[in-house]
Amino acid sequence: MAITEATREQMQQLAARYPQPRSALLPMLHLVQSVEGEVTTDGIEACADVLSITPAEVKAVSTFYTMYKRKPVGKHHIGVCINTLCGLLGGDAVYDALSERLGVGHDQPTADGEFWLERIECQAACTHAPVMTVDWEFMDDVTPTSAVDIVDRLARGEQVASTRGPVIRDFRATEHTLAFPLDGLADEGNPVDAKMLAGLAVAKERGMSAPTSTKEG
Amino acid sequence: MTLTPIITEFWDDPKLYTLDGYRSHGGYRALASALKQDPDAIIGTIKDSGLRGRGGAGFPTGLKWSFVPQNDGKPHYLVVNADESEPGACKDIPIMMANPHALVEGVIISSFAIRANHAFIYIRGEVPEAIRRVANAIEQARAAGLIGKNILGSGFDLEVVAHSGAGAYICGEETALLDSLEGFRGQPRLKPPFPAVAGLYASPTVINNVETIANIPYIVDRGVEWFRQFGTEKSPGFKVFAVSGHVNRPGIYEAPLGITMRELLDYAGGMRDGRPVKFWLPGGSSVPMLTADHLDIPMTYEDMATAGTMLGTGTPMLFDDTVSVVKAVTRWLEFYKHESCGKCTPCREGTYWITGVLEKFEHGHGTEAEVETLVGLCGQIAGRSFCALGDAAATPYPAALKYFREEFLAATTTSADEQFDPVASYVFAGAVAR
Ligand SMILES: Cc1cc2nc3c(=O)[nH]c(=O)nc-3n(C[C@H](O)[C@H](O)[C@H](O)COP(=O)(O)O)c2cc1C
Ligand code: SF4
Ligand code: FES
């Protein structure tokens, strides 16, 4: 794939969302990754062109953020949270198992272009530790075995659903969502799971509720 | 103290994330009443409610809003901080996925109050599900005439944009967030000027956390007196607590501020296998840790401060006695080192040095003298850094040393994994000790 006139038009659309066009740069770089599978020189030049800034300025921004890669990510991005809570509760073992299964280390692609493995930081899902992500969709409460199984199923082209999100597509599709979030998938899957309802369930069980008016209190 | 589901009350309705679902539970009622009021009256209501920011610092929200100069002829902006990347914090993302319209309604009311015609929700890029649900809610609100021109015939115009970040913890710091939202590297700005005076595009800007803004519709709808029946004088209201770690039922628990960790822990089913709490952090890795001796302290801004820590994001992480505190602290420092934006020397160099020494301890090396040297190193960073990330990086070690000096001394000869079998901390069944 390459940056086409259509991509540039989408970049213009992103820029038009903001009072100052440069604000669109992060979404534009996500768009570049959705087309190119990485941040390419072509993509950088297109962003610079659309925003009337220099390619060096775009590059300086792209290198600051960890989600932007300068090598082809491949079909699926696999993240394993190794921050303290997930890591110590088992994320370390999950990462080791995946690293062995994929034969690569941190922030590296597999030779066949199917996967990219990354040790990621806290994913705002600590209640669901250990947490893994596929193309940045949640795969909660994984074990080394279940994590490897997810990768095996993806490798076989089987359908895999996020635990709190839609069916997995691929890295580029997610990057497109980050640029244009109205991807029609908001109704797919229910991201509200038992852990998010834990307190509500206890409250209902024990007959607890918050007064809705001042008097009741 | 009982649980009080408010923001979380209807999360078990699988349609809550839709406009119709939210409306069926009274959603957007507050907006209709807000738009009939004077914007200053709403600022007054929020001031009187005593609502404090839920992003970590606990700054009074109404007061922040009142700093925005009025009739200054400049555009005003509302920016919602949805970057939630603090280790341990996991409550804003659930709010956005389960109840995105509460956030959107809060955004519209807050923008009206501060006279902003443009609002941005800066969502960390690593969570597409939150982004699509918020964007979907914005779109539905727009289609229903709740966003756009002349909202509900009030003459008030508002545009709302869901903006994706790209992976950088520092972008949660409010001025770094603004630079990032302007399309630059996310590095903090010098304050003053404060964002309320010169924020986004150098215009007056209010930056608030997701949960803070999600509180607004409830306060406007039900009133100051209602809100203040929860919590304490200095910490009024309720909190979406997210309890994680070695507890039997990790998850979201909404309760009044002032509930104790022991009560929350009981609701969360206690510690796994009845093991003791070794250490816990009330709200993110940037606040000092506490121990089992502190479970009865009310979870309020003031009581946590008295105990030498902070409420922070109000998302307690609990670790049992299988965990090596040396390893835990080292991992957090590796995080701060990785996330330091590099703008100032104490943090950029300091996180590098602290992490290096801690990694020695983790592997059973280092000297007793270094256990003390490290305290000095942390002291060199705290208060001398350009932004609060530096202070945060200087927090975990001294806090841990206060309670676990022996363990750090032992680590100079015995590695963390030898002291504590890592497998024992794993939460999945079938984890076998080596
Ligand atoms: C390194 C760092 C990261 C932060 N991350 C967040 C964050 O992800 N979300 C957030 O709301 N506040 C975060 N904050 C706090 C913000 O700077 C700011 O205080 C907050 O967004 C204000 O909103 P509030 O008054 O509603 O709490 C962070 C601060 C620092 C120093
Ligand atoms: S304290 Fe750290 S994160 Fe903050 S400005 Fe300095 S180097 Fe950057
Ligand atoms: S530590 Fe892994 S999601 Fe928070």
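Residues numbered from 1 in each chain as written. Chains lettered and ligands numbered in written order. Predicted model: local features only at pLDDT ≥ 70, side-chain atom pairs only at ≥ 80, totals over all residues. Heavy atoms only, no water.

**What to know about the domain arrangement of chain B**
All names here are of chain B. In terms of domains, chain B is made up of domain 1 (19-222), domain 2 (238-320) and domain 3 (325-431). Once you take the C-alpha centre of each, domain 1 and domain 2 turn out to be 27 Å apart. Each side of the interface is counted separately: domain 1 has 17 residues, and domain 2 has 16 residues. In total, about 1300 Å² of surface goes out of reach between domain 1 and domain 2, with carbon and sulfur atoms giving 57% of it. Linking domain 1 with domain 2 are one salt bridge. In this structure, Glu 211 engages Lys 239 in a salt bridge whose closest nitrogen and oxygen atoms are separated by 2.6 Å. On inspection of domain 1 and its partner domain 2, the count reaches 10 residue pairs in polar contact (both at pLDDT 80 or more). For the side of domain 1 that touches domain 2, the secondary structure elements donating two or more residues are helix H5 (92-98) and helix H9 (210-222). Along the lines of polarity and charge, the residues of the side of domain 1 that touches domain 2 split into six nonpolar, six polar and five charged. (Domains from an automatic or database assignment. Contact = heavy atoms within 4.5 Å. Buried area = accessible area lost by both parts, 1.4 Å probe. Salt bridge = Lys/Arg side-chain N within 4 Å of Asp/Glu carboxyl O. Polar contact = N/O pair within 3.5 Å; in protein donor to acceptor, adjacent residues only side chain to side chain. Helix = DSSP H or I, 4+ residues; strand = E, 2+ residues; numbered from the N terminus. Nonpolar A, V, L, I, M, F, W, Y, C, P; charged D, E, K, R; others polar.)

**Remarks on the site of ligand 1**
Residues and elements named next belong to chain B. Lining the immediate surroundings of ligand 1 are 18 residues, of which Gly 55, Lys 64, Asn 208, Asn 209 and Thr 212 lie closest. Here Arg 54 contributes a backbone N or O atom positioned 3.3 Å from an oxygen atom of ligand 1. Taking Lys 64, its side chain carries an N or O atom lying 2.9 Å from an oxygen atom of ligand 1. Elements with a contribution of two residues or more to the shell around ligand 1: strand S4 (205-209) and helix H16 (388-393). (Near = heavy atom within 4 Å.)

**Points about the interface of chain A and chain B**
Contact with chain A, which involves 81 residues of that partner, is made by 91 residues of chain B. Between chain A and chain B the total buried area reaches about 6800 Å² when both faces are included, carbon and sulfur atoms providing 63% of it. Of all residues in chain A, Phe64(A), Leu88(A) and Leu89(A) bury the most surface against chain B, accounting for 10% of the area lost on that side. Linking chain A to chain B there are five salt bridges. The salt bridge involving Arg331(B) is made with Asp92(A); its shortest N-O contact spans 2.8 Å. Between chain A and chain B we count 29 residue pairs in polar contact (both at pLDDT 80 or more) in total. Among the secondary structure elements, those contributing two or more residues to the side of chain A that touches chain B are helix H2 (25-36), helix H4 (55-62), helix H5 (84-102), strand S5 (137-139), helix H7 (171-179) and helix H8 (198-205) of chain A. With nine residues, the single largest contributor to the side of chain A that touches chain B is H5(A). When grouped by side-chain class, the residues that make up the side of chain A that touches chain B number 44 nonpolar, 23 polar and 14 charged.

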